[in-house]
Amino acid sequence: MRELFVREIHILLVHPIYIMCMVVAPLLITFFFTSLMDEGAPQNLPIGVVDLDQTTTTRKLTRMIDAFQSTKVVAHYTSMDEARHAIQKNDIYGFLLFPKDLTSDMLAFRQPKMSFYYSNTSLTAGSLIYKDMKTVCTLAAAGVGQGIMQAKGMTPEQIKATLQPIALDTHLIGNPWVNYNFYLSAMLIPNTIILLIFLVTVYSLGIEIKFRMRRENDRDNKGWLEMAHGDFGMAIFTKILPQTLVFICVFILVYSYLFGWLHFPHPGGFWRIVLLAFLSVVSAQGFGVFIFGLIPSMRMAMSVCSLWGVLSFSMAGTAFPVFAMDAPLQSISWMFPMRHYYLIYQLCILNTYPLTEVLINIFAMLSLGFLPLLVIKRIERAFVNYAYEP
Amino acid sequence: MKTLNTIFDAWLDELKMISKDEGVLLFFLFLPIAYPLIYSWIYNNEVAREVPVVLIDNSHSAKSREFAQKYDASPDVCIAYRCGNMSEAKSHIGREEAYGIIYIPHDFDKCLGRHTQAHISIYCDMSYMLAYKAIYQTATAVCSDMGATGLTPLYFEEVPIFNTTGGYGNFIIPGVLVLIIQQALLLGVGMIAGTRREERYYKKIPDQEWKIAGMLGHSFAYLMIFSVMLAWITLIVPRIFGFVSLVHGSTLFHFLVPYLLACVFFAITVSSFVRYRESVMLIVVFTSLPMLFLSGVSWPLSSISGFWQGVSYAFPSTFGVRGFIRMSSMGAELADVQHEYFGLWIQTIVYFLLSCTIYQVRGRFLYKNQDSTTK
C-alpha cells in the first residue's frame, strides 16, 4: 500500500499537467475573477444625454446623474437617433432624453414627460444604470414638486408624505454592499475547481489504461494492479486519495484568500467552509470515477465530465434561478454537485441557517462521493481488458 | 502546381483523420450542434415569473390587503406564504420555499390615513439575482402605484431599448454561441495535434513534412467544417428558440469570415502545446468561462481593467462575441463594429504567421526532444 502511495505521489509530481491543473489553474482562476471584479459593483458606466431643452434645470439633472456611483455621463448627443447609434457602437449603455420645453412645461404644470433609455444587452450594466436613472428622474420630479409645496406652506413632513406616501425600505441580507465579487467569485471559483477535479480524476484513471497498453515492459512501470496485489478497490482508493488531499488543500488555500484576505462575508463560520470544501472534493471525485466506470473510454468520460462541469455554471442556479427553468432541468440539477454546493453556501455560510436545513444536500453530495462503489466492478473489467480506444 | 498538390493532399489527409477519429468528431460535430441546444433549453424561459414571497402583514387593514393583492397580481411574484412573525418567515426562506419577505408594519394604514409617510420593508438576498430583481421592482411599482396622487409635475418613462424583455437567454446566449465555435476548434485541433505527437512517438510513424502548404490544407479542412457549424449556430439556433436576431446575412458573413479564420489559426497555434490527445481537455475546458467574462458579457467592458483588456486581445472570442452581440441583438452594422472587425483581422494575421512558423519548425524541433518526453 505504501508502494502505491509513493507511486501516485511520484506521478503527481513528475507530470507537470497535474500540478498545472490541480494547483496552478485554480490559483490562476482565483486571481482572475477576484481581480477582474475588484470594484465590487461596476462603477462609472458610460451613459449619454440628449438635451433638447438646454436649461439650467436639465444641466443640473445631468450633473446629478453624473455624480451617481454607477454612472458617468460621457457624451452629449443632438438627437435620439445619434444616441441609439452610440449604444450600438458600445460607447454608452443608455441615455437620458430631455424633450424640448421640459422646464417651462414643468413650471407651468403641464406635466411633461422625460424618458430614459437603457440597453439590457448587458443585464448587469442595464440594471445598474436603470436604478440610477430612475432615482434621478424621481428626484427631479420631487425637486420641482417640493418647491411648489414649500411655497404653499407645507411642512417637510407633509411634503415627504405627499411626494412618496409609501416608502420602500430595502434590506439586502448577507451582502448590503451589493458587491458582485462576493456573489460571483464565491461561486465561479469553486465551480471551476470542481470542473478541474472531474477532469483530473478521469484523466488520471484513463491514462493508466492508456499507458498500460503502450508500455508494458517499461522501466518504472511495474504494473499498477500488480502492486495492489489484485485488490482493485485499494488500487483506486490509493490513486484518488492523494488527489483528494491536494484538492482539499487547494480549496482551503483559495478560501483563506477569499474569506480571510478579501473578507468575503461568511457569518456561517470557518468550520462550515471546511466542511463544504471536503464535500465538494469528495462529491466531484466520486462523480468523476462514476462516469469513468459507466463509460470506461477516457475520451468519452472526459467529454461527459466537461459537459457536466461547464453546465454546472448554469445549473447551480446562481445567475438564472433553477426554479425558473423547465421542470425536467429542475430534477436534473440534483445530479450536479455544484447545485448542492450553492444551496449549502447560500444558506449556511452566507446566511446562518442551521445545517439541518441543508441536510439533504449534504447527504446528496456524500452519496455522489459513494457512487463509485456501484461501478467498481466495471472499472476493474475495463482495466483487465485494456480497453483504451483512441 | 506542386504546392497546390500538397495543399490538396494535406486537406484530404486531415479530413480522413477527422472522420476516423471519434474523439475529434465529438468536438467538431456533436459539440457545436448539441451545446447550443442544451444552453438554449436551460435559458428558454428567459425571466423568472411568480417568484414565491412570504408576506408578514401586521397591519391587517384594507390598505395592507390592497397592497398584498396588487403585489400578488403582478406577473413576476406571488405571495406563497403569510406568516405571523419574522422567524416563521425565515424558516420558509431556509427551506428554499420562498426567496424574499415583505413586511407591512402595524401602523401602515394609520400612517396613510394620517397623511404621514408609511413604510414597507422588503428583505431579500441578492444572491438570487433575478428573484431579487422581481421582488424589488414589483414592490417599487406597487408602492408608487398606490401612492400616486396625480400631482407630479413631471412624468418619466423608462424604455428598455435593446433586449427589451430583459431576458436572461437573450443576454447570455449570443455570447455563448460564438464562444462555442472557438472552444470546439481549440479542443478538436488540439486533439488532432496530440494524436500526431503520440503516433510519432509511440508507433514511430514518420511524420509527413507538411510545412506551410500542409498547414493551409489542414486549415481548409477545418474551415470547411466550421463554416457549416457557424451557419447553424448563428442563423438557425436563434430562429429555433426565437432569440433576437437583427442581423443581415451579408453583414454577418463579412464579420464571421475573419472570426473563423482567427479561430482556426489560433487553434493551430495553441495545439502546439498539446502533448497527449486527452490533455487538451484539461487545458481548454476550464478557460471557457474566463473568456466569456473577458468579452464583457457578464461584467461590463468599461469596468474591466487595462491589464485584463490587454490579455483579452489575445483571444478571437473577445472580438467575436462583442461584435456578434452588437450585430445580432442591437442591429449594428459592420461600420459600428469596425474596432472588433479589424481586431479579428489582426489576430488572423498574427496567428497565421505563428501557425506557419510552428508547421515549419515542428518536425525538426520535436524529433530532437522526443526522447526526453515521457508520459
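Remember, predicted model here, so these are calculated numbers, not experimental data. (Residues numbered from 1 in each chain as written. Chains lettered and ligands numbered in written order. Predicted model: local features only at pLDDT ≥ 70, side-chain atom pairs only at ≥ 80, totals over all residues.)

### Notes on the domain arrangement of chain A
Stage number 1. Taken domain by domain, chain A comprises domain 1 (2-38 + 179-384) and domain 2 (45-163).
Stage number 2. The distance between the C-alpha centroids of domain 1 of chain A and domain 2 of chain A comes to 49 Å. (Domains from an automatic or database assignment.)

### A few points about the interface of chain A and chain B
Stage number 1. Taken together, the contact between chain A and chain B spans 96 residues of the former and 87 residues of the latter.
Stage number 2. Counting residues per element, the side of chain A that touches chain B draws most heavily on helix α6 (residues 123-151) of chain A, which supplies 12 residues.
Stage number 3. Across the side of chain A that touches chain B, the residue classes tally to 57 nonpolar, 27 polar and 12 charged.
Stage number 4. Where strand β5 (residues 166-173) of chain A lies against strand β4 (residues 118-125) of chain B, eight bridges are found, and the strand directions are parallel. (Contact = placed C-beta atoms within 7 Å. Helix = DSSP H or I, 4+ residues; strand = E, 2+ residues; numbered from the N terminus. Nonpolar A, V, L, I, M, F, W, Y, C, P; charged D, E, K, R; others polar. Pairing = 2+ DSSP bridges.)

### Concerning the confidence of the model for chain A
Reading predicted coordinates in detail is not appropriate for stretches of low pLDDT.
Stage number 1. For chain A, mean pLDDT is 88; residues scoring 70 or higher make up 96% of the total.
Stage number 2. Per-residue pLDDT, averaged within each element of chain A, yields its smallest value for helix α9 (residues 224-227) of chain A (71) and its largest for strand β1 (residues 45-51) of chain A (95). (pLDDT = per-residue confidence, 0-100.)

### Notes on the sheet that holds strand β4 (residues 113-119) of chain A
Stage number 1. If you trace the five strands from one edge of the open sheet to the other, you get β2(A)-β1(A)-β3(A)-β4(A)-β5(B), paired in mixed fashion. Both edges of this open sheet fall to β2 (71-77) of chain A together with β5 (155-162) of chain B, since each of them pairs with a single strand only. Averaged over all adjacent pairs, the angle separating strand axes in this sheet is 25°, with direction ignored.
Stage number 2. By the bridge criterion, four bridges tie β1(A) to strand β3 (residues 94-98) of chain A in an arrangement that is parallel. (Axes fitted to C-alpha atoms, helices over the stretch in contact; angles between N-to-C directions.)

### A look at the domain arrangement of chain B
Stage number 1. Its domain assignment divides chain B into domain 1 (2-44 + 169-369) and domain 2 (51-147).
Stage number 2. Each of domain 1 of chain B and domain 2 of chain B was reduced to a C-alpha centroid, and the two centroids are 49 Å apart.

### What to know about unusual backbone geometry
Stage number 1. Positioned with a positive phi, His263(A) is a non-glycine residue whose angle comes to about 55°.
Stage number 2. As for its position among the elements, His263(A) is in the loop between α10 (232-261) and α11 (270-294).
Stage number 3. Phi is positive for Asn163(B), which is not a glycine, with a value near 50°.
Stage number 4. Along the chain, Asn163(B) turns up in the loop between β5 and α7 (168-203).
Stage number 5. Judged by the 24 C-beta atoms lying within 10 Å of it, Asn163(B) is buried. (Buried ≥ 20, exposed ≤ 12 C-beta atoms within 10 Å, placed from the backbone.)

### Observations concerning the sheet that holds strand β1 (residues 51-57) of chain B
Stage number 1. A sheet is described by the order of its strands in space; here five strands give the open sequence β5(A)-β4(B)-β3(B)-β1(B)-β2(B), paired in mixed fashion. In the strand order of this sheet, the two ends are held by β5 of chain A together with β2 (77-83) of chain B, each with one partner. With direction set aside, neighbouring strand axes in the sheet form an average angle of 25°.
Stage number 2. Of the strands in this sheet, β1, β2 and β3 (100-104) of chain B are in contact with helix α3 (residues 62-73) of chain B, which crosses β2(B) at around 140°.
Stage number 3. Against the sheet, helix α6 (residues 129-147) of chain B engages β5 of chain A together with β1, β2, β3 and β4 of chain B, with an angle of about 170° to β4(B).

### Digging into helix α13 (residues 316-330) of chain B
Residues and elements named next belong to chain B.
Stage number 1. With 15 residues, α13 should cover 21 Å at 1.5 Å per step; its first-to-last C-alpha distance of 21 Å lies within 8% of that length.
Stage number 2. Burial analysis of α13 places 15 of its 15 residues in the buried class, which makes it a mostly covered element.
Stage number 3. Taken from the residues just after α13, Gly331 is the one with a positive phi, measuring 65°. (Expected span 1.5 Å × (residues − 1).)

### Topic: the confidence of the model for chain B
All names here are of chain B.
Stage number 1. Here chain B averages 88 in pLDDT, while 93% of its residues score no lower than 70.
Stage number 2. Ignoring residues within four places in sequence, the model shows residues 365-375, a span with pLDDT below 50, making four contacts including any to other chains.
Stage number 3. Scored as a whole, the predicted complex attains pTM 0.91, and scored at its interfaces, ipTM 0.90.

### Here we look at the pairing of β4(B)
Residues and elements named next belong to chain B.
Stage number 1. Taken across its eight residues, β4 has six buried, putting it largely inside the fold.
Stage number 2. As defined by bridge partners, β3 adjoins β4 across four bridges and the pair is classed as antiparallel. Bridge assignment links Ile102 to a residue of β4, and that residue is Ile122.

### Quick notes on the pairing of β2(A)
Residue and element names in this part refer to chain A.
Stage number 1. One ladder, built from six bridges, connects β1 with β2; its direction is parallel. Across the sheet, residue Gly48 finds its bridge partner in β2, namely Ala75.
Stage number 2. Handedness of the crossover joining β1 and β2 through helix α3 (residues 56-67): right-handed. (Right-handed = clockwise from strand over helix to strand, strands pointing away.)

### Re the packing of helix α8 (residues 211-241) of chain B against helix α9 (residues 249-271) of chain B
Two packed helices can be described by the angle between their axes and the distance between those axes.
Residues and elements named next belong to chain B.
Stage number 1. Interaxial distance between α8 and α9 falls to 10 Å at its minimum, and their mutual angle equals 135°. By the angle between their axes, α8 is oblique relative to α9. Considering how the two elements wind past one another, α8 and α9 form a crossing that is right-handed. Between α8, through Met215, Ser219, Tyr222, Leu223, Phe226, Ser227, Leu230 and Thr234, and α9, the contact on the second element is made entirely by Leu252, Leu256, Leu260, Val264 and Ile268.
Stage number 2. For the contact of α8 with α9, a count of residues per class yields 10 nonpolar, three polar and no charged. (Parallel < 35°, antiparallel > 145°, perpendicular 65-115°, else oblique. Left-handed = near helix turned anticlockwise from the far one by under 90°.)

### Quick notes on the packing of α11(A) against helix α16 (residues 372-384) of chain A
All names here are of chain A.
Stage number 1. Running from N to C, α11 and α16 cross one another at 40°; their axes reach a closest spacing of 8 Å. Comparing their axes, α16 and α11 come out oblique. Seen from above, α11 lies across α16 with left-handed handedness. In this structure, α11 uses Gly286, Val289, Phe290, Phe292, Gly293 and Leu294 to contact α16, whose residues at the interface are Pro372, Val375, Ile376, Arg378 and Ile379.
Stage number 2. When the residues that make up the contact of α11 with α16 are grouped by side-chain class, the tally is eight nonpolar, two polar and one charged.

### A word on the nonpolar core
Stage number 1. If you look at the biggest cluster of nonpolar residues, it comprises 243 residues, and the most contacted ones within it are Phe198(A), Leu199(A), Val202(A), Ile102(B), Ile135(B), Ile181(B) and Leu185(B).
Stage number 2. For this core, the leading source of residues is helix α8 (residues 180-214) of chain A, giving 20 residues.
Stage number 3. Setting aside residues no more than four positions away along its own chain, Val202(A) makes contact with Gly288(A), Ile291(A), Phe292(A), Met298(A), Ala301(A), Met302(A) and Cys305(A). (Core = buried A, V, L, I, M, F, W, Y, C linked by C-beta atoms within 7 Å.)

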